[in-house]
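# Observations on the three-dimensional arrangement
Spelled out, the chains give:
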Amino acid sequence: MNITTRGRWRGALAAAVAVSVALLTGCSGGASATSSSGEPTEGGDIVFLINSLGTTWVPNESSISSYQGNVWGQVTDKLVYVDDEGNVSPWIAESWEQNDDATEFTLHLKDGVTFSDGTPLDAAAVVENLDYWAFGDADKGIAAVGLFPKTYVSAEAVDDLTVQVNFSASTLGFIPTLGYHGSILVAPTTLALSKEEQGDLSNFVGSGPFTVESWADGDNVKLVKRDDYDWGPEALGHTDAAYLDSITFKQVAEASTRIGALTSGQANVVYNIQPSELSSLEDQGYTVGLPRYLGFTSGYRVNVNAAPFDDVLVRQSLQHSIDRQDILDTVYTDGWLAATGFIQSNVPEATDHSAEFAYDADEAADLLDQAGWVLGSDGKRTKDGETLSVTLYANPYLTTSASIDELVSQQLTALGWTVNVETYDVATFGEKVANTAATPLYETTRSFIDVGTVASILTSANKGEDWFGLGETDETLNDLRDRIATATDTDTRAAAVDELQTYILTQGLFIPLTQIVQRIYVQDSDLQGVTYNGVAIPNYYSAYLAN
């Protein structure tokens, strides 16, 4: 048996502000302070202003959300903790073992852990959660967690603190995936509820350092400290109860209003504002958090079934048409990094593929010429009476998406494209763009904890997301998918990931833009001790107020 306990797996006025945050109880400061020794002391309440609280609180559907994920990260635990460099360390699982071909794992759980209703977080509860992540509940209309390994077969409670987990094929990334933000531990009493009841946050029971005291749908969620919590992840250097007394998440749609609340002392943290606002706030003494998560870079995934991208020459031209440095210089600050490939550079298996999508306007134009798209005297390209055109749909989940699309539109127009940019709110985007198979270019990114889960996304196999519309028709992509998914050692898998990046980029299936910072946090300097996990969610469990 190979024993692993931890390791690297690789204008809005002040009056408007006051009105919009009037329900926040007015407690953005608190009595907490550091002691004379510099150690954090307990107490204090913080207010977190967020632009959306999503549309559902069903755990399997909302736990990976950029919005609700901030709340779930405070009221739930995970079996392991994964940091922003892919390091895995114990949490509820104190240790684990796996067989040589990574088809069987044994988890040893921490003793004495309970959900907030007093029921034990034991092996039986873990089995229920594993099954829920893997299969969902079709009778209730609840889907599985998207990136949970499709090779999962079953789990059983060997005894109260031991769980054996079985897979149909090698699943090297199972342990890191237990730290994914979809893998939140939920009390069996909550899992037994109907979908509608699970969507009522007042019914939620978790084992995390905070519990839900109150909530109003689409408006606010107030969390309070759980006094008996003493099983935090060792990696955070703190295992007892949280220092803060409460966290109030308040939905405030306008970024200017959120900023006004922060600077007037009515909030401690604001989420998702434009990068152009950050320098001024830093100059005023506020702390900016720009965590990069483990996952894919931000870019366009290309639908090969939608003209004109059914032609590889057009896809390859697009790959070289975008001046990414111009995007970094125009839209972002120094906190953003250039993409070096299809996956983020902090993923342990990442390799540099920058040359495969380097900006080259001459090369891009030549490829369009080869594809038969003729540049007319009006600066537009046509072929057989058709205009070379594309619509870019700004992704509302990405703060800077509309600004990037406008810049890309200018760059493509210079090469003869006719470009339309459309923007929608979250609900309309989901209806018209995200859930429509005909969308030719879909600006997206995706977090993952372990690179092995890439295989479950790129094709349609095992209900995969089929990012490029290829189904299982591309033999090379299928082979790389399977080699990554079934690898039994990290070196073999890393080599296959390197090949995968080369293939996807040279085929123009994914067009990287930048390394992703999807979650932007600005906080009062008195709020200290905040860290971010591998999916860029803050840990307020270890945070405290100093003044």
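The structure presented is a predicted model; accordingly, all values stated were derived computationally and were not measured.

This part is about the overall build of the protein. When you go through the protein residue by residue, the secondary structure sums to 16 helices and 27 strands. A compact globule built from 547 residues would reach a C-alpha radius of gyration of about 24 Å, and the protein, at 24 Å, matches this within 12%. Across the 547 residues of the protein, 57% fall into the buried class. A total of about 20,400 Å² of accessible surface is found on the protein, and carbon and sulfur atoms cover 46% of it. For the protein, the centre of its 27 positive side-chain charges and the centre of its 76 negative side-chain charges are spaced 2 Å apart.

This paragraph deals with the sheet that holds strand β3 (residues 45-50). On the basis of which strands lie adjacent, the open sheet formed by seven strands has the order β10-β11-β12-β3-β13-β23-β14 and mixed pairing. Of all strands in the sheet, those bounded by a partner on one side alone are β10 (210-216) and β14 (287-289). Strand-to-strand twist of the sheet, defined as the mean angle between neighbouring strand axes without regard to direction, takes the value 20°. In terms of strand pairing, strand β11 (residues 220-225) meets strand β12 (residues 246-251) through five bridges, oriented antiparallel. In the sheet register, Val-224 faces β12, and the bridge partner there is Ser-246. Relative to strand β13 (residues 269-271), helix α8 (residues 255-263) is tilted by about 165°, and along the sheet it contacts β3, β13 and β23 (521-523).

Next up on the list: the packing of aromatic side chains. Within the structure shown, the criterion is met by 32 aromatic pairs. Each member of the aromatic cluster is reached from another via a ring pair, and the members are Phe-48, Tyr-67, Phe-249, Tyr-271, Tyr-397, Tyr-521, Tyr-532 and Tyr-540.

Burial within strand β15 (residues 298-302) is extensive, with five of its five residues counted as buried. Sheet topology note: the β15/strand β22 (residues 510-514) ladder contains four bridges and is antiparallel. In the sheet register, Gly-299 faces β22, and the bridge partner there is Pro-512. Summarising the sheet, β15 and strand β21 (residues 441-444) pair through four bridges and their orientation is antiparallel. Looking across to β21, one finds that Tyr-300 is bridged to Glu-443.

What follows deals with the packing of helix α15 (residues 475-486) against helix α16 (residues 490-506). Remark: α15 packs on α16, axes separated minimally by 9 Å, with the N-to-C direction vectors making an angle of 155°. Classified by the interaxial angle, the pair formed by α15 and α16 is roughly antiparallel. In this structure, the crossing between α15 and α16 has a hand that is left-handed. Contacts between α15 and α16 involve Thr-476, Leu-477, Leu-480, Arg-483 and Ile-484 from the former and Arg-493, Ala-496, Val-497, Glu-499, Leu-500, Tyr-503 and Ile-504 from the latter. Residues of the contact of α15 with α16, tallied by class, amount to eight nonpolar, one polar and three charged.

Let's shift gears to the packing of helix α11 (residues 324-331) against helix α13 (residues 401-413). Close contact between α11 and α13 brings their axes to 10 Å; oriented N to C, the two are set at 140°. One finds that α11 runs oblique with respect to α13. Crossing angle aside, the handedness with which α11 passes α13 is right-handed. In contact with Asp-326, Ile-327, Thr-330 and Val-331 of α11, α13 contributes Ser-403, Ile-404, Leu-407, Val-408 and Gln-411. Here the contact of α11 with α13 is built from residues that sort into five nonpolar, three polar and one charged.

The next subject is the confidence of the model for the protein. On average, residues of the protein score 90 in pLDDT, and 93% of them reach the 70 mark or higher. Segment residues 1-37: pLDDT under 50, and 101 contacts once partners within four positions in sequence are set aside and those in other chains are kept.

Take the sheet that holds strand β16 (residues 374-375) next. Across the sheet, three strands lie side by side as β16-β17-β18; this open sheet has antiparallel pairing. Two strands in the sheet have a free side with no partner beyond their single neighbour: β16 and β18 (386-387). Here β16 runs beside strand β17 (residues 381-383); their pairing, made up of two bridges, is antiparallel. Looking at the pairing, Val-374 lines up with Thr-382 of β17.

Across the junction of Ala-307 and Pro-308, the peptide omega takes the value 5°, indicating a cis bond. Along the chain, the position of Pro-308 falls in the loop between β15 and α10 (312-321). A positive phi angle, near 50°, is found at Asp-384, a position not held by glycine. Relative to the helices and strands, Asp-384 resides in the loop between β17 and β18. Judged by its relative accessible area of 76%, Asp-384 falls in the exposed class. Although it is not a glycine, Ala-536 adopts a positive phi angle of roughly 65°. Turning to its location among the elements, Ala-536 is positioned in the loop between β25 (531-532) and β26 (538-539).

Next up on the list: α8. Along α8, the residues that are buried comprise Thr-257, Arg-258, Ile-259, Gly-260, Ala-261 and Leu-262. Remark: Gly-265 follows α8 within two positions and exhibits a positive phi of approximately 80°.

Secondary-structure assignment places Pro-512 in strand β22. By relative accessible area, which is 0% here, Pro-512 ends up buried. Along the primary structure Pro-512 and Ser-66 are separated by 446 residues, whereas in three dimensions their C-alpha atoms are 20 Å apart. Beyond its immediate sequence surroundings of up to four residues, Pro-512 is in contact with Thr-297, Ser-298, Gly-299, Gln-319, Arg-324, Ala-339, Gly-341, Phe-357 and Leu-505.

So, about the pattern of salt bridges. Applying the stated criterion across every chain yields a total of 14 salt bridges. Here Lys-222 and Glu-213 are joined by a salt bridge, their closest N and O atoms 3.6 Å apart. Glu-213 gets classed as partly exposed once you look at its relative accessible area, which sits at 48%. Residue Glu-499 pairs with Arg-483 through a salt bridge whose shortest N-O separation is 2.7 Å. In this pair, Glu-499 is assigned in helix α16 and Arg-483 in helix α15, connecting sequence segments 16 residues apart. A relative accessible area of 38% means that Glu-499 is categorised as partly exposed. Residues joined by salt bridges that share partners form a network here, namely Glu-349, Asp-450 and Arg-493.

Definitions and limits used
Residues numbered from 1 in each chain as written. Predicted model: local features only at pLDDT ≥ 70, side-chain atom pairs only at ≥ 80, totals over all residues. Heavy atoms only, no water. Helix = DSSP H or I, 4+ residues; strand = E, 2+ residues; numbered from the N terminus. Rg over C-alpha atoms; globule rule 2.2 N^0.38 Å. Buried < 20%, exposed > 50% of the residue type's maximum accessible area, 1.4 Å probe, protein only. Areas by Shrake-Rupley, 256 points an atom, 1.4 Å probe, with all protein chains shown as cover. Lys, Arg positive; Asp, Glu negative; His and termini not counted. Charge placed at Lys NZ, Arg CZ, Asp CG, Glu CD. Pairing = 2+ DSSP bridges. Axes fitted to C-alpha atoms, helices over the stretch in contact; angles between N-to-C directions. Contact = heavy atoms within 4.5 Å. Phe/Tyr/Trp six-rings, centres within 6.5 Å; stacked < 30°, edge-to-face > 60°. Parallel < 35°, antiparallel > 145°, perpendicular 65-115°, else oblique. Left-handed = near helix turned anticlockwise from the far one by under 90°. Nonpolar A, V, L, I, M, F, W, Y, C, P; charged D, E, K, R; others polar. pLDDT = per-residue confidence, 0-100. Salt bridge = Lys/Arg side-chain N within 4 Å of Asp/Glu carboxyl O.

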